[in-house]
Amino acid sequence: MASRLFSGMLEAMDRGAFPRSRKWLWRRLYDMLARFWRDDDWRFMNYGFLPAGEPFPLKPEDERDRAFIGLYQQAVSGLPMAGARLLEVGSGRGGGARYIALYHAPATITGLDYSPATVRLARRLNRDVSGLSFEAGDAERLPFANGSIDVVVNIESSHCYGDVAAFAAEVARVLAPGGWFTFADMRGRESLPELNRQLAASGLLLRRESDLSPGVVAALDAADRRKRERIEKAWLLRRFMSEFAGMKGSILYSELASGGVVYVARRYQKPG
Ligand SMILES: C[S@@+](CC[C@H](N)C(=O)[O-])C[C@H]1O[C@@H](n2cnc3c(N)ncnc32)[C@H](O)[C@@H]1O
């Protein structure tokens, strides 16, 4: 039953069906998660990414989150981050914005999320970091002035949106000339051309694209035990949470491993 519900959500997400109810449903889900799972050591809600090759540097206290930080590290590496005004859209529990604030020295970083309970939790979990703030707001109507942001980060959030093209147009509006939009999320393989069209309609220029799927599957493998321990506590929602968290044996895990679902990264730049 839980597997069917989740696979139905994935399919509807991919076909772009019922955009408003889908958006409403995801928001309720994230609100519920923020109310019931308030653990101090749970700052990420992404599937993670473990790149092949040399591991990137991390402080010992952040090692346990390496897989989840990996999506952020690949998103910002090589971008002009020092002194930049940063916006993360769909910041969740704030672990990614926290990593960027602590390792990449932006001037300011704002995390925006449309789940008010998640925003409150992110504020509490990251109150020890300066220059970092969290606000409630919708990706499709960014509450920021034209040209006021240098880098927009968006990690594993866009699949919840009702209108991805509206989101991309908003990103283009708030970015300063020459500013960067760095994006990562998953889609069914057949939906990738549609995603490319939605993002390109913003007028932003595509500078880099990659398929992160193998590294995401490696991260799901690495985090499986830790997630299983957490999910054990959710006796009523255990099956649903296993699907949602992409545990081994879940539909999402199998789809990512077999290539039916692809986890992509894109970097766009606003013309200068
Ligand atoms: C899978 S979580 C990822 C969170 C974070 N990026 C991370 O990697 O840990 C997706 C997040 O996107 C947020 N979100 C979904 N739709 C949104 C929207 N329309 N506007 C802003 N945030 C949204 C959700 O509330 C949730 O916190």
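Overview of the structure. The shown structure was predicted, so the numbers you read here are calculated from the model rather than taken from an experiment. (Residues numbered from 1 in each chain as written. Predicted model: local features only at pLDDT ≥ 70, side-chain atom pairs only at ≥ 80, totals over all residues.)

**Brief notes about the overall build of the protein**
Heads up, the rule is: Segments assigned H or I by DSSP are reported as helices when at least four residues long, segments assigned E as strands when at least two residues long, and all are numbered from the N terminus. Based on C-alpha atoms, the radius of gyration is set beside the globule rule, defined as 2.2 Å times the residue count to the power 0.38. Comment: burial labels come from other C-beta atoms within 10 Å of the residue's own C-beta, placed from the backbone, where a count of 20 or more is buried, 12 or fewer is exposed, and between is partly exposed. In this description, any two residues whose backbone-derived C-beta atoms lie within 7 Å of each other are considered to be in contact.
The number of helices and strands found in the protein is 10 helices and seven strands. For 272 residues, the compact-globule formula gives about 19 Å, and the C-alpha radius of gyration of the protein, at 17 Å, lands near that figure. In terms of overall dimensions, the protein has C-alpha extents of about 50 × 40 × 40 Å along its principal axes. The burial tally for the protein puts 42% of its 272 residues in the buried class. Long-range pairs, those at least 24 residues apart, make up 71% of the contacts in the protein with a sequence separation of at least 6.

**Observations concerning the packing of helix 6 (residues 164-174) against helix 7 (residues 192-200)**
The cut-off we apply is this: Whenever a helix is involved, its axis is fitted only over the stretch in contact; in every case the axis is a line through C-alpha atoms, and angles between N-to-C directions fall within 0 to 180 degrees. When the near helix sits turned anticlockwise from the far one by under a right angle, the crossing is termed left-handed; a clockwise turn instead gives a right-handed crossing. The nonpolar class holds Ala, Val, Leu, Ile, Met, Phe, Trp, Tyr, Cys and Pro. Asp, Glu, Lys and Arg form the charged class, and all remaining residues, Gly among them, are polar.
At a minimum axis distance of 7 Å, the contact between helix 6 and helix 7 shows a crossing angle of 35°. Once helix 6 is placed against helix 7, the crossing between them reads as right-handed. On helix 7, the residues that touch Val164, Ala165 and Ala168 of helix 6 are Leu195, Gln198 and Leu199. Residues belonging to the contact of helix 6 with helix 7 are distributed by class as follows: five nonpolar, one polar and no charged.

**Examining the sheet that holds strand 6 (residues 205-211)**
Heads up, the rule is: Note on pairing: two strands pair once DSSP finds at least 2 bridges between them.
Within the open sheet, the seven strands sit side by side as 3-2-1-4-5-7-6. Their pairing is mixed. Edge positions in the sheet fall to strand 3 (132-136) and strand 6, since each of these pairs with one other strand and no more. The average undirected angle you get between the axes of adjacent strands in this sheet is 15°. In this structure, strand 6 lies alongside strand 7 (residues 261-269), joined through six bridges in antiparallel fashion. Counted as the bridge partner of Leu206 is Tyr268 from strand 7.

**Digging into helix 10 (residues 251-258)**
Rules: The arc in question is the one spanned by the directions pointing from the helix axis to the C-beta atoms.
Turning to helix 10, its buried residues number three or more, namely Leu252, Tyr253 and Leu256. The buried residues of helix 10 all sit within an arc of 100° when viewed along its axis, so they share a single face.

**Brief notes about the site of the ligand**
The following threshold applies: Should the C-beta atom of a residue, placed from the backbone, lie within 6 Å of a molecule or strand, that residue is near it.
What surrounds the ligand is a group of 24 residues, the closest being Asn46, Gly90, Gly92, Ala139 and Ser157. Looking at the shell around the ligand, the elements that each hand over two or more residues are helix 2 (19-36), helix 4 (95-104) and strand 2 (108-113). Class assignment of the residues belonging to the shell around the ligand gives a composition of 11 nonpolar, nine polar and four charged.

**Some words on the packing of helix 2 against helix 5 (residues 116-125)**
We count it as follows: By the definition adopted for this analysis, an angle is roughly parallel if under 35 degrees, roughly antiparallel if over 145, roughly perpendicular if from 65 to 115, and oblique otherwise.
Closest axis-to-axis distance for the helix 2/helix 5 pair is 7 Å, and the angle between their directions is 40°. Our classification of the angle between helix 2 and helix 5 gives oblique. Along this stretch, helix 2 crosses helix 5, giving a crossing that reads as left-handed. Residue-level inspection shows Tyr30, Asp31, Ala34 and Arg35 of helix 2 in contact with helix 5, the latter providing Ala117, Thr118 and Leu121. Tallied by class, residues from the contact of helix 2 with helix 5 come to four nonpolar, one polar and two charged.

**A short note on the pairing of strand 2**
The two faces of the sheet receive side chains in turn, since in a regular strand these alternate between them. Rules: Note on handedness: a clockwise path from strand one over the helix to strand two, with the strands aimed away from the viewer, defines a right-handed crossover.
Judged by how many residues are buried, strand 2 sits mostly within the fold: five of six residues are covered. In this sheet, strand 2 lies alongside strand 1 (residues 85-89) in parallel orientation, the contact comprising five bridges. Looking across to strand 2, one finds that Glu88 is bridged to Gly111. What joins strand 1 to strand 2 is helix 4, and the crossover it makes is right-handed. Two strands pair when backbone bridges link them, and strand 2 and strand 3 are joined in this way by five bridges, in the parallel orientation. Bridge assignment links Thr110 to a residue of strand 3, and that residue is Ser133.

**A short note on helix 7**
One turn of an α-helix holds 3.6 residues; hence residues three or four places apart share an orientation. Taken residue by residue, helix 7 has Leu195, Gln198 and Leu199 as its buried positions. Axial view of helix 7: buried residues confined to an arc of 95°, hence all on one face. In this structure, helix 7 carries Pro193 and Arg197 as exposed residues pointing more than 90 degrees from its buried face. On the buried face of helix 7, the contacting elements are helix 6, strand 5 (175-188) and strand 7.

**Comments concerning the environment of Val174**
Relative to the elements of secondary structure, Val174 occurs in helix 6. For Val174, a count of 21 C-beta atoms within 10 Å puts it in the buried group. Sequence spacing of Val174 and Lys248 is 74 residues, and the spatial spacing of their C-alpha atoms is 39 Å. With residues near it in sequence (within four places) discarded, Val174 still touches Leu87, Leu142, Phe144, Asn146, Ser148 and Ile149.

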